[in-house]
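Chain by chain, the residues:
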Amino acid sequence: MSDAWIGQLLLAESESQTLLDACTHIRERTAGLLRAAERTDDPATLAQSRTALELAENAREKAYEVHERAADRLTHELMMWSHATARRVRQSLTDQS
């Protein structure tokens, strides 16, 4: 496995973390807007805020799932890469003896 492949996996994991962070921020902001709407007693604003929060929660959940898959893949591939590198080093040392 090449270093470039690991670099691509690192980038994918980093980008998925950035997306998750953004979705979490939007979800928190939307929850705050819902709390404010609850104080207004305006049914239309309240309904709109609940819908927005539900959409934000769904987006965050999807972003979380994407991030978990990217992190799991990166972890697995790094482990495989590390084992392969160790095998090559051992083989090289054996060949030198």
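So, here's what we can say about the structure. (Residues numbered from 1 in each chain as written. Predicted model: local features only at pLDDT ≥ 70, side-chain atom pairs only at ≥ 80, totals over all residues. Heavy atoms only, no water.)

Another point: the pattern of salt bridges. Applying the stated rule across the entire model yields 3 salt bridges. Between Arg-73 and Glu-77 there is a salt bridge, and its shortest N-O distance comes to 3.9 Å. One end of the pair, Arg-73, and the other, Glu-77, are both in helix H2 (residues 43-96), 4 residues apart, so they sit about a helical turn from each other. Looking at Arg-73, the relative accessible area reads 42%, which means it is partly exposed. When salt bridges that share partners are traced, they join Arg-27, Glu-28 and Glu-57 into one network. (Salt bridge = Lys/Arg side-chain N within 4 Å of Asp/Glu carboxyl O. Helix = DSSP H or I, 4+ residues; strand = E, 2+ residues; numbered from the N terminus. Buried < 20%, exposed > 50% of the residue type's maximum accessible area, 1.4 Å probe, protein only.)

Our focus in this paragraph is unusual backbone geometry. Positive phi values are uncommon outside glycine, yet Asp-41 reaches one of about 60°. Relative to the elements of secondary structure, Asp-41 occurs in the loop between helix H1 (3-40) and H2. Asp-41 sits in the exposed class, given a relative accessible area of 68%.

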